[in-house]
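# Structural description and commentary
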Amino acid sequence: ILQVLDTLVDRMEPGRMLETLLEVRADVKGGSSLSEAFERFPGVFPQLYIASIRAGEQSGDLPITLGRFIEFQKRIEAIRAKVRSATFYPAILAAAVAVVMAFLLFYVVPSFTQVYADANVQLPLLTRMVIATANGMISGLPFWMPALVVALVALRFYVRSPSGAFLVDRYKLRLPYFGPLLSEYALSTFCRTFATTLASGIPIVQAMQMSRGTLNNRLLEKQLSAAVKRVQEGARISESLEQTGSFPVIALRMIGVGETSGSLTDMLMDVAEYYEGEVERRLDRLTTIIEPLMMLTMGLLIGGIVVAMYIPIFQLAGTVR
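First, a word on scope: everything that follows refers to the structure included in this document. (Residues numbered from 1 in each chain as written. Predicted model: local features only at pLDDT ≥ 70, side-chain atom pairs only at ≥ 80, totals over all residues. Heavy atoms only, no water.)

So, about unusual backbone geometry. As a rule of thumb, non-glycine residues mostly have phi less than zero, and peptide bonds are mostly trans rather than cis. Positive phi is not limited to glycine here, since Tyr-177 has a value of about 65°. Along the chain, Tyr-177 turns up in the loop between helix H8 (162-172) and helix H9 (178-199). The exposure class assigned to Tyr-177 is partly exposed, which follows from its relative accessible area of 27%. (Helix = DSSP H or I, 4+ residues; strand = E, 2+ residues; numbered from the N terminus. Buried < 20%, exposed > 50% of the residue type's maximum accessible area, 1.4 Å probe, protein only.)

Structure (structure tokens):
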């Protein structure tokens with residue numbers, strides 16, 4: 001282990017990680033185990049990583065345990081990358097729509113408004129609606145902008161509070177289409193983490209507790225905490241998870257079969273792979289649907305404003321003829 005740490009230190013660039021590895025190496029030289037040395041830096045090394053190392057030290061197969069953790073991280077990062085990729089383009093489109101709409105309402109529409117006011121013509125209803133909206137936003141800017149900032153700050157503080165965060169996580173799971181997507185993503189991450197920790201030799205209860213943090217949803221975490229207590233009291237894992245009401249029937253059956261046959265780790269991996277596939281399919285469908293919808297919405301909003309402002313010009317041209 002010391003030779004490995006020396007090699008890492010020699011190849012590491014100056015920074016926080018190098019300083020951390022130097023302290024880890026010093027602790028190991030002083031007689032501490034590798035997991036104990038890593039445990040001093042919870043902000044650098046994840047708890048799951050430390051627990052995997054500890055289990056590998058106890059079982060004597062540390063390289064195999066680390067290999068499982070690396071494979072776990074690769075798979076989890078691949079899923080996260082797909083999620084980020086699926087949300088990146090819609091976010092860019094939404095930002096572009098907001099910028100273009102603001103430019104039209106705060107600059108283009110007022111310019112046309114002045115022209116029409118000088119011409120003293122009767123404007124169509126659609127044009128009057130767009131002008132009234134732009135004028136209302138401009139005249140009310142000193143009022144609604146501070147109110148919006150205060151509301152966003154208050155909402156941010158509320159969402160970060162325990163009750164607010166719990167309420168938000170609950171409604172996330174009730175969203176159409178997105179709720180099942182978030183639920184399946186949490187389920188796949190939990191099952192893969194649970195399987196990895198069990199394969200590393202970590203006891204079931206501790207493995208469930210560690211895997212609970214990967215759900216990233218306070219409602220699901222609360223339900224799983226209750227399931228962990230039932231397992232501690234002697235209940236089967238599948239029965240305890242069934243009482244949460246958040247695990248699909250197919251997942252519960254596969255976990256139950258794994259408990260009965262002694263292949264729980266393999267079944268958890270199969271469940272994780274199945275729902276990772278479901279998440280990828282949902283993300284593909286979401287990307288396929290949302291991009292045309294956003295483009296259509298963008299075209300209707302911007303095109304509608306432009307057409308509304310040009311209709312009087314066309315009418316004037318017809319009158320001149």
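A few words on the pattern of salt bridges. If you walk through the whole model with that rule in mind, you get 8 salt bridges. Here Asp-169 makes a salt bridge to Lys-172, at a shortest N to O gap of 3.6 Å. One end of the pair, Asp-169, and the other, Lys-172, are both in helix H8, 3 residues apart, so they sit about a helical turn from each other. On the basis of relative accessibility, which here comes to 34%, the residue Lys-172 falls in the partly exposed class. We note a salt bridge from Arg-236 to Glu-259, for which the minimum N-O separation is 3.8 Å. Residue Arg-236 is found in the loop between helix H11 (218-232) and helix H12 (237-242), and its partner Glu-259 is found in helix H13 (residues 249-261); the two are separated by 23 residues along the sequence. Look at the salt bridges and you will find they share partners, linking Glu-23, Asp-27 and Arg-40 into a network. (Salt bridge = Lys/Arg side-chain N within 4 Å of Asp/Glu carboxyl O.)

Moving on: H9. Given 3.6 residues per helical turn, the α-helix brings residues three or four places apart onto the same face. Along its 22 residues, H9 runs 32 Å from first to last C-alpha, staying within 8% of the 32 Å computed at 1.5 Å per residue. When you tally the buried positions in H9, you get 16 out of 22 residues, the bulk of the element. Immediately downstream of H9, the backbone of Gly-201 shows phi near 95°, a positive value. (Expected span 1.5 Å × (residues − 1).)

Turning our attention to the packing of helix H7 (residues 141-160) against H8. It is the contact of H7 with H8, at a shortest axis distance of 4 Å, that shows an interaxial angle of 90°. Accordingly, the angle class assigned to the pair H7 and H8 is roughly perpendicular. Contact residues: H7 offers Tyr-158, Val-159 and Arg-160, while H8 offers Pro-162, Ser-163, Gly-164, Ala-165, Leu-167 and Val-168. Each residue belonging to the contact of H7 with H8 can be placed in one class, and the counts come to 6 nonpolar, 2 polar and 1 charged. (Axes fitted to C-alpha atoms, helices over the stretch in contact; angles between N-to-C directions. Parallel < 35°, antiparallel > 145°, perpendicular 65-115°, else oblique. Contact = heavy atoms within 4.5 Å. Nonpolar A, V, L, I, M, F, W, Y, C, P; charged D, E, K, R; others polar.)

Where helix H6 (residues 125-139) contacts H7, the axes come no closer than 5 Å and their chain directions differ by 70°. Taken as axis vectors, H6 and H7 run roughly perpendicular relative to one another. For the pair H6 and H7, the contacting residues are Met-137, Ile-138 and Ser-139 in the first and Leu-141, Pro-142, Phe-143 and Trp-144 in the second. Its residues assigned to classes, the contact of H6 with H7 shows 6 nonpolar, 1 polar and no charged.

What follows deals with the nonpolar core. Counting 49 residues, the largest nonpolar core has Val-24, Leu-34, Phe-38, Phe-194, Leu-241 and Leu-268 as its most contacted members. At 7 residues, H9 tops the list of elements feeding residues into this core. Every residue in contact with Phe-194, bar those within four places of it in the chain, is listed here: Ile-204, Ala-207, Met-208, Ser-211, Ile-237 and Leu-268. Listed in part, the 18 residues of the second largest apolar core include Leu-93, Ile-131, Ala-134 and Met-309. (Core = buried A, V, L, I, M, F, W, Y, C linked by side-chain atoms within 4.5 Å.)

Structural measurements only, silent on function.
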